[in-house]
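Working through the structure, step by step
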Amino acid sequence: YTCSRASLNMSASSSEVTLANIALARYRLSKYLKPTTVLEAPDLGKHVYLKLECWNKTRSFKIRGAYNALLNMKENQYATSSPYEVVAASSGNHGQALARAAHDLGVRARIVVPVTTPKKKIEGIERYHGEIILHGQNYDEAEAESRRIERDEDVLCISPYNDPHVIAGAGTIGLELLNQIPNLERVIIPVSGGGLIAGIAVALKSVNPFLEIVGVCAGHAPAMFNEYYGTVWPQEYSTLAEALSGEVERGSITIELTKKYVDKIVLVTEDQIASAMEWMVFQHGVVVEGGGAVGVAAAQFLFDLSDSRPTAILVTGSNIDKHVLMRVLTKEKKDEGCETTDLPGGGS
């Protein structure tokens, strides 16, 4: 090892995200994680299933990428001093996951989060002994600070999405789905920076190129939608899906992978997200945060799933502050101008 950790991390390529590397990630994670539950959702259509990543460790899918990235780091001796150390930006879920995995593996983790991060997520990072750095009013400002630390202090930065090992970890969900849902034909996946959908899409389309991959962005967090279609819908940081907020890092490998493997991306409104969250609680007894519910919202309001094609919907997180959940469940919700008819990409 002769290059800096920062230069090593920034030289990542989309070619590193392969079925073989996702299979390796699955082997690594088998010692730490169990496959997550799949629930039938007949109200959404015949052969429609909910993949409950919100029941994973730290209550989101992010734990997969966190473990895989750190295990890869330790196996390849990327750290040049003891103890091992990493930094990351997060809107909350990646930070909790990285803090938990780092604690388990003996790695120091510094997590840069915006000052607007939900209290529950900050408490989760602290619970797993992550060192919190509050910086900036939004995710983009926190991400810039994490990259500054990486550059100035030569500390490995583990992006929530722009990292091939994080993406491969997320891709293990795709391999699980192939085992859990016979003849799977369609998967609906929440999208922010694109690490989750990129990993799952590579895994699934490497096995079945005809399987349909659909991404869902919050209307207030349309970054990957804009990258995919060349549009300029504005970022609104006031959203129930705060986990999906933020622009996509320039040159992120997820952009290329999403354009190559994903069939389409749609947008959902704030009211649609709130309705999906409410439906999950009362129909399935599952608490879901806004960012984790956008796939369900798309299934309820944008797609006709009555074609009986076996379909999986990713439910990706349940880290939500109590007052936000109560506001949703008591129907005190506003769409703040994002009407369904204003958003492109709906319908199927």
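Along each chain, numbering runs from 1 in the same order as the chain's sequence is written. In view of the model being predicted, local features appear only for residues whose pLDDT reaches at least 70, and side-chain atom pairs are presented and counted only at 80 or more, with totals across whole chains, interfaces and linings using the full set of residues. Remark: hydrogens and water are excluded; side-chain values derive from all non-hydrogen atoms of the structure.

Among the secondary structure elements, Ser 146 is positioned in helix H6 (residues 139-153). With residues up to four places along the chain from it excluded, the contact list for Ser 146 reads Val 87, Ala 88, Ala 89, Val 112 and Cys 157. Secondary structure is summarised from DSSP: a helix means a run of H or I of at least four residues, a strand means a run of E of at least two, and numbering begins at the N terminus for each. Whether two residues are in contact is decided by their heavy atoms: any pair within 4.5 Å suffices.

Next up on the list: the environment of Val 207. Positionally, Val 207 belongs in helix H8 (residues 195-207). Remark: the alpha-carbon pair of Val 207 and Leu 175, spanning 32 residues in sequence, is separated by 9.3 Å. Not counting chain neighbours up to four residues away, the residues in contact with Val 207 comprise Leu 19 and Leu 178.

The next thing to look at is the sheet that holds strand E4 (residues 107-113). For two strands to pair, DSSP has to find at least two bridges joining them. Within the open sheet, the four strands sit side by side as E5-E4-E3-E6. Their pairing is parallel. In this open sheet, the two strands that pair with only one neighbour each are strand E5 (131-134) and strand E6 (156-157). Together, strand E3 (84-89) and E4 form the strand contacts of helix H4 (residues 93-105), whose direction differs from that of E4 by roughly 170°. To define axes, lines are fitted to C-alpha atoms, for helices over the stretch in contact only, and angles between the resulting N-to-C directions are given on a 0 to 180 degree scale.

Bringing the pairing of E4 into the picture now. When you tally the buried positions in E4, you get six out of seven residues, the bulk of the element. By the criterion used throughout, a crossover qualifies as right-handed when its path from the first strand across the helix to the second strand runs clockwise, the strands pointing away from the viewer. Following the backbone out of E3, through H4 and into the adjacent parallel E4, one traces a crossover that is right-handed. Pairing between E4 and E5: four bridges, direction parallel. When the sheet's bridge partners are listed, Ile 111 is paired in E5 with Ile 132. Where the polypeptide runs from E4 across helix H5 (residues 119-127) and back to E5, its parallel neighbour, the crossover connection is right-handed. Categorising residues by exposure relies on relative accessible area from a 1.4 Å probe, with only protein chains included: less than 20% of the type maximum marks a residue as buried, more than 50% marks it as exposed, and the intermediate range marks it as partly exposed.

In this section: the sheet that holds strand E8 (residues 212-218). Spatially, the six strands line up as an open sheet ordered E1-E2-E10-E7-E8-E9, and their pairing is mixed. The two strands at the open ends of the sheet, each matched to only one other strand, are strand E1 (38-40) and strand E9 (264-268). Across the sheet, the mean angle separating the axes of adjacent strands is 25° when strand polarity is ignored. Summarising the sheet, strand E7 (residues 186-190) and strand E10 (residues 311-315) pair through three bridges and their orientation is parallel.

Further remarks concern the nonpolar core. The criterion is simple. A nonpolar core is a set of buried Ala, Val, Leu, Ile, Met, Phe, Trp, Tyr and Cys residues joined through side-chain atoms within 4.5 Å. Core analysis: the biggest nonpolar cluster contains 50 residues, and Leu 177, Leu 184, Val 187, Ile 189 and Ile 213 have the highest contact counts within it. For this core, the leading source of residues is H8, giving eight residues. Those residues in contact with Leu 184 that lie beyond four places of it in its chain are Leu 177, Leu 204, Asn 208, Leu 211, Pro 310, Thr 311 and Ala 312. Formed by 40 residues, the second largest nonpolar core is a distinct cluster that contains Cys 54, Val 214, Ala 298 and Ile 320.

Now for the packing of aromatic side chains. A pair of Phe, Tyr and Trp rings is counted when the ring centres sit within 6.5 Å of each other, with Trp represented by its six-membered ring. The angle between the planes then sorts it: under 30 degrees is stacked, over 60 is edge-to-face, the rest tilted. Applying the stated criterion across every chain, the model contains three aromatic pairs. For the pair Phe 225 and Tyr 229, a centre-to-centre distance of 4.8 Å together with 50° between the ring planes defines the contact as tilted. One end of the pair, Phe 225, and the other, Tyr 229, are both in helix H9 (residues 223-229), four residues apart, so they sit about a helical turn from each other. Plain terms: the ring middles of Tyr 228 and Tyr 229 are 4.7 Å apart, the flat faces sit at 75° to each other, and that makes the pair edge-to-face. On the accessibility criterion, Tyr 229 (39% relative accessible area) is partly exposed. A connected cluster of aromatic rings, assembled from ring pairs, spans Phe 225, Tyr 228 and Tyr 229.

Here, a salt bridge means any Lys or Arg side-chain nitrogen found within 4 Å of an Asp or Glu carboxyl oxygen. Within this structure, the stated rule accounts for 21 salt bridges. Between Arg 108 and Glu 85 there is a salt bridge; the shortest N-O distance is 3.1 Å. One end of the pair, Arg 108, is in strand E4; the other, Glu 85, is in strand E3, and 23 residues separate them in sequence. Glu 249 is the partner of Arg 147 in a salt bridge, and the nearest nitrogen-oxygen pair spans 2.7 Å. With a gap of 102 residues between them, Arg 147 in helix H6 and Glu 249 in the loop between H9 and helix H10 (253-261) connect regions that are remote in the sequence. Considered together, Arg 147 and Glu 249 belong to a single accessibility category, that of buried residues. Salt bridges here are not isolated pairs; linked through shared partners, they connect Glu 85, Arg 108, Arg 110, Glu 131 and Glu 153.

Burial within strand E2 (residues 48-52) is extensive, with five of its five residues counted as buried. Every second residue of E2 is oriented toward a common face, with Val 48, Leu 50 and Leu 52 on one face and Tyr 49 and Lys 51 on the other, all of them buried. With three bridges connecting them, E1 and E2 associate as antiparallel partners. Within the sheet, the bridge partner assigned to Glu 40 lies in E2 and is Tyr 49.

This brings us to the environment of Ile 22. Along the chain, Ile 22 turns up in helix H2 (residues 19-29). Taking the relative accessible area as the measure of exposure, Ile 22 reaches 0% and is therefore buried. Along the primary structure Ile 22 and His 165 are separated by 143 residues, whereas in three dimensions their C-alpha atoms are 8.4 Å apart. Once residues within four sequence positions are removed from consideration, Ile 22 is found in contact with Ala 168, Gly 171, Thr 172, Leu 175, Gly 199, Val 202 and Ala 203.

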